[in-house]
Amino acid sequence: MHVNTAVLLQLAYGEYAVGAFSVNSIEQILGAMRGATEAAAPLIIQVSHQARRYAMPGVLEAAVHAAARHFPELVFALHLDHGDEAACYEGIDSGLYGSVMIDASAQPLAENIAITRRVVERAHARGVAVEAELGRLGGKEDDLVVAEDAAWLTDPDAAAEFVARSGCDALAVAVGTRHGIHKFAASGQLDLERLAAIRARLPGVPLVLHGASSVPAAEVARINAAGGAVAADAHGVPEALYPELARRGVAKINIDTDGRLVWARVLREYLRDHPATLDLREPGRVFMAAYAERVAQLCRCFGAAGRLAEVRRRLGV
Ligand code: G3H
Ligand code: 13P
Ligand code: ZN
């Protein structure tokens, strides 16, 4: 069942985090739904601006809703990740999204608030939730690479003003993570004190952590053993930290890179071990199973596993 994202985040707030998994293909959609179902966890499926360009607008969204019919127990939301204003309006007007992210984080505060406010008004009129971002993550974001000196961490006072004036439902914060395979380049570590200060200024407002993949060392090693060239010093958010993040108000955890690592590992190993294969469904099946396992494992780390019955009961569905 498809729901408004804010509803899922409110149920999770302070106790666990809902995994938001980035998808670009049917295999990722089916794998994520299978993983969440196996873990009995609520799920957010997210489609980025680049993913919509890759698959063509509307295709992934339709596939998500079609796939969901095969997982009748699932409670999920479809989210537009890192949208600009035009993409957000398209997503809102399509009626297919439970939330959109307006990413005007590169703009000065007043401009970010004004843009977010416009998106919130249009979204709320259609029953769609809005995530906005204050602060800038380093690393690759959409089709632009944010240099370390352009990245900056979220200021707790500005965060309070931003949410009050923009009316957004959830706030993406920069507390030291980066998108991609290297986290914490500028800060050296996750700034948990800053996260606590933001939460204290914004009680009850779900926070979102981008750049939150765990980048398992074993996965990187397998990719490289099968001919890959992923930087050996790749590193992510330690899995043991996820419950602490949830306790500090992070109710949505964004995962893209961990899914890419599963894909690279499965493909490299499969093609190495089956040099005569020509059928993309063969590695596709292996990928779906491996990705489902990874999604289920992350849902367990986030404390979201086993929550589905409670979510259904509290939503009355
Ligand atoms: O938030 C950043 C995403 O992980 C990057 O994904 O290449 O689909 O924009 P993308
Ligand atoms: P990762 O690169 O850590 O998976 O972050 C994904 C993300 O933030 C998508 O919005
Ligand atoms: Zn992101």
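Structure: see above.
Throughout, residues of each chain are indexed from 1 in the direction in which the sequence is written. Chain labels run from A onward and ligand labels from 1 onward, assigned in the order the entries are written. Given that this is a predicted model, residues contribute local features only at a pLDDT of at least 70 and side-chain atom pairs are listed and counted only at 80 or more, while totals for whole chains, interfaces and linings are drawn from all residues. Excluding hydrogens and water, the side-chain figures rest on all heavy atoms present in the structure.

Asker: Explain helix H2 (residues 26–39) here, please?
Answerer: Each full turn of the α-helix corresponds to 3.6 residues, which orients residues three or four apart in the same direction. With 14 residues, H2 should reach 20 Å at 1.5 Å per residue; the first-to-last C-alpha distance of 20 Å fits that figure. Think of it in three bands: residues with accessible area under 20% of the maximum for their type are buried, residues over 50% are exposed, and the middle band is partly exposed, with areas taken using a 1.4 Å probe on protein chains only. For helices the rule is a DSSP run of H or I covering at least 4 residues; for strands it is a run of E covering at least 2, with both sets numbered from the N terminus onward. Of the positions making up H2, those classed as buried are Gln-28, Ile-29, Gly-31, Ala-32, Met-33, Gly-35, Ala-36 and Ala-39. Whether two residues are in contact is decided by their heavy atoms: any pair within 4.5 Å suffices. Those residues of H2 that are buried are in contact with strand S1 (18–22), strand S2 (43–48), helix H4 (59–68), strand S3 (76–83) and helix H12 (281–301). Following H2 by one or two positions, Ala-40 adopts a phi angle in the positive range, close to 50°. Under the convention used throughout, the expected extent of a helix is 1.5 Å for every residue step, that is, one less than its residue count.

Asker: In this structure, what is going on with the site of ligand 2? I would like to understand it.
Answerer: Nearness here has a simple test: a residue counts as near a molecule or strand if at least one of its heavy atoms is within 4 Å of that partner. Around ligand 2, the structure places 14 residues, and the nearest of them are Asp-81, Lys-183, Ser-213, Asp-256 and Thr-257. Here an oxygen atom of ligand 2 and a side-chain polar atom of His-210 are 3.1 Å apart. Ser-213 places a polar side-chain atom, nitrogen or oxygen, 2.6 Å from an oxygen atom of ligand 2. Exposure was quantified through the Shrake-Rupley algorithm and a 1.4 Å probe, taking into account, for residues, occlusion by the shown protein chains and nothing else. Calculation on ligand 2 without its partners gives an accessible area of 310 Å², and the protein chains cover 97% of this total. A cavity here means a set of 1 Å grid points, computed over protein atoms only, where a 1.4 Å probe fits but cannot escape. A pocket is an open set with protein on both sides within 12 Å along at least 5 of 7 lines, and lining residues have an atom within 4 Å of a point. A cavity or pocket is said to hold a molecule if more than half of that molecule's atoms lie within 2 Å of its grid points. The pocket occupied by ligand 2, as judged from atoms lying within 2 Å of grid points, is the largest pocket. Whenever a nitrogen or oxygen atom comes within 3.5 Å of another N or O atom, the pair is scored as a polar contact, on the condition that within protein one atom can donate a hydrogen and the other can accept it, and that pairs from neighbouring residues in sequence are kept only if both atoms are in side chains.

Asker: How do you make sense of the side chain of Arg-265 when you look at a structure like this?
Answerer: Looking at the secondary structure, you find Arg-265 in helix H11 (residues 257–273). Beyond its immediate stretch of four places on either side in the chain, Arg-265 contacts Glu-219, Arg-222, Ile-223 and Ala-290.

Asker: Just to check I follow, could you spell out the coordination of the zinc ion (ligand 3) for this structure?
Answerer: Ideal coordination angles are 109.5 degrees for a metal with four donors arranged tetrahedrally and 90 or 180 degrees for a metal with six donors arranged octahedrally. Coordinating N, O and S atoms are those within 2.8 Å of the metal (3.2 Å for Na, K and Ca), and as water is not part of the atoms, a site may appear to have fewer donors than expected. Summarising the metal site, the zinc ion (ligand 3) is bound by the protein donors His-82 (NE2), His-179 (NE2) and His-210 (ND1), whose distances to it range over 2.1 Å. Only two sets of limits are used to name each site, 85 to 135 degrees for every angle of a tetrahedral four-donor site, and over 155 degrees for opposite donors with all other angles from 65 to 115 for a square planar four-donor or octahedral six-donor site, with any other site named irregular. Given 6 donor atoms and angles of 67 to 167° at the metal, the environment of the zinc ion (ligand 3) is assigned as irregular. Considered as a linear motif, the donors of the zinc ion (ligand 3) on their single chain read H-x96-H-x30-H. Residue His-82 is located in strand S3, and its partner His-179 is located in the loop between strand S8 (170–173) and helix H8 (192–201); the two are separated by 97 residues in the primary sequence. When its relative accessible area of 9% is taken as the criterion, His-82 is described as buried.

Asker: I tried to follow the layout of surface pockets on my own but got confused; where do I start?
Answerer: Any space left empty among the atoms is revealed by the rolling of a water-sized probe across them. One number sums up the size of the largest pocket: a volume of about 1,000 Å³. Forming the boundary of the largest pocket are 42 residues, of which Asn-24, Gln-28, Asp-256, Gly-259 and Arg-260 lie nearest the centre. When residues in the lining of the largest pocket are grouped by element, the largest group, 7 residues, is from H11. Grid points are joined across faces, edges and corners, and a volume is the space filled by probe spheres set on the points.

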